[in-house]
Amino acid sequence: MKVLSKLISATCLSVSLCGGVQANLIDNGGFENVGTSSPLGNYGSASTWQIYSSIPEWDASQNVEIWSNDFIVDAYEGNNVLELNAHPGDPNGQFSIFQDFETVVGQEYQLTFAGRKRQQNSDESFSVSVGDLTDTIINQAFGSWNEYSYSFVAVDVLSTLTFTSKDGGSDTTGNIFDAVNITSVPEPGTLALMLLGLSSLVYSRKQTAK
Ligand SMILES: [Ca+2]
Ligand SMILES: [Ca+2]
Ligand SMILES: [Ca+2]
């Protein structure tokens, strides 16, 4: 029985299901942590919106803009959201944010995030890529948060999640994001192994109770 209980423990660890919730592989996916660097310029205020050259856990090709306290739109979660189109360091560049995270080649993952556009009469588009996934959203919906959900397969031991505005660096208004989340999808074989372990545990308890 010791061997069996060790097997069950190892299975629980490998699929992280026994704890109930899959861990988010993206850090600061809700943009709540803006770090300790001072915001750039004299834009906005700490209670509305500010610009940063970067924020913790994310890399960025340009400055990024963080909105707080339901400025213009209600946050999808927490207090902060990110507007990808910030005041640019390079007006000819593109706005991208990206984050690396460790993955298992061939493993399936799920990506979810919330997105919306800022202005009704603007044509806001962006691309998202990670693993074997690349998608472009043409003209995000206006007026409420869209809940995006994708599955993808990792093709390397380090994957990069990237969001890029399709508008150039001189377009300072546009695509807003919150609640970026990536979790691994348990493989059927692993689930079956875990269920086998659990059923064996139930059986062994019944035997002990006799
Ligand atoms: Ca947030
Ligand atoms: Ca902006
Ligand atoms: Ca725009």
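Residues numbered from 1 in each chain as written. Chains lettered and ligands numbered in written order. Predicted model: local features only at pLDDT ≥ 70, side-chain atom pairs only at ≥ 80, totals over all residues.

Participant: So what exactly am I meant to see when it comes to the confidence of the model for the protein chain here?
Facilitator: Low pLDDT marks stretches whose predicted atomic positions should not be read closely. Per-residue pLDDT for the protein chain has a mean of 87; in total, 83% of the residues score no lower than 70. By mean pLDDT, helix α1 (residues 2-15) is the weakest element of the protein chain at 49, and strand β9 (residues 146-153) is the strongest at 98. Within the model, the stretch residues 7-11 combines pLDDT values under 50 with seven contacts to residues more than four positions away or in other chains. Confidence drops under pLDDT 50 across residues 13-17; counting only partners more than four residues distant or on other chains, this segment forms eight contacts. (pLDDT = per-residue confidence, 0-100. Helix = DSSP H or I, 4+ residues; strand = E, 2+ residues; numbered from the N terminus. Contact = placed C-beta atoms within 7 Å.)

Participant: I tried to follow the sheet that holds strand β4 (residues 80-83) on my own but got confused; where do I start?
Facilitator: Hydrogen bonds between backbone groups are what pair the strands of a sheet, and the pairing can be parallel or antiparallel. Pairing is antiparallel across the open sheet formed by six strands, whose spatial order is β1-β3-β4-β11-β6-β9. Sheet topology places β1 (49-52) and β9 at the edges, where each strand pairs with a single neighbour. Averaged over all adjacent pairs, the angle separating strand axes in this sheet is 35°, with direction ignored. As paired elements, strand β6 (residues 108-117) and β9 share eight bridges and run antiparallel to each other. Of the residues in β9, the one forming a bridge with F113 is Y148. (Pairing = 2+ DSSP bridges. Axes fitted to C-alpha atoms, helices over the stretch in contact; angles between N-to-C directions.)

Participant: Explain the nonpolar core here, please?
Facilitator: Note that soluble globular proteins tend to have their nonpolar side chains buried in a common cluster. In this structure, V64, I66, V81, L82, L84 and F177 are the most contacted members of the largest nonpolar core, which totals 35 residues. Mapped onto this core, the elements with two or more residues apiece are β1, β3 (64-68), β4, β5 (94-102), β6, β7 (126-130), β10 (158-168) and β11 (175-184). Of the residues forming this core, the biggest block, five residues, is contributed by β11. (Core = buried A, V, L, I, M, F, W, Y, C linked by C-beta atoms within 7 Å. Buried ≥ 20, exposed ≤ 12 C-beta atoms within 10 Å, placed from the backbone.)

Participant: What is the right way to read the pairing of β4 from this model?
Facilitator: For a regular strand, the rule is simple: side chains alternate between the two faces of the sheet. Neither face of β4 is open: one carries N80 and L82, the other V81 and E83, and all of them are buried. With four bridges joining them, β3 and β4 adopt antiparallel strand pairing. Across the sheet, the residue bridging to S68 is N80, located in β4. Both β4 and β11 contribute to a ladder of two bridges, which runs antiparallel. Bridging across to β11, E83 finds its partner in I176.

Participant: What exactly am I supposed to notice about the sheet that holds β10 here?
Facilitator: The strand order across the open sheet formed by five strands is β2-β5-β10-β7-β8, and the pairing between neighbours is antiparallel. Strand pairing shows two members of the sheet lacking a second neighbour, β2 (59-60) and β8 (133-137), which therefore form its edges. Here β5 runs beside β10; their pairing, made up of eight bridges, is antiparallel. Looking at the pairing, Q94 lines up with G168 of β10.

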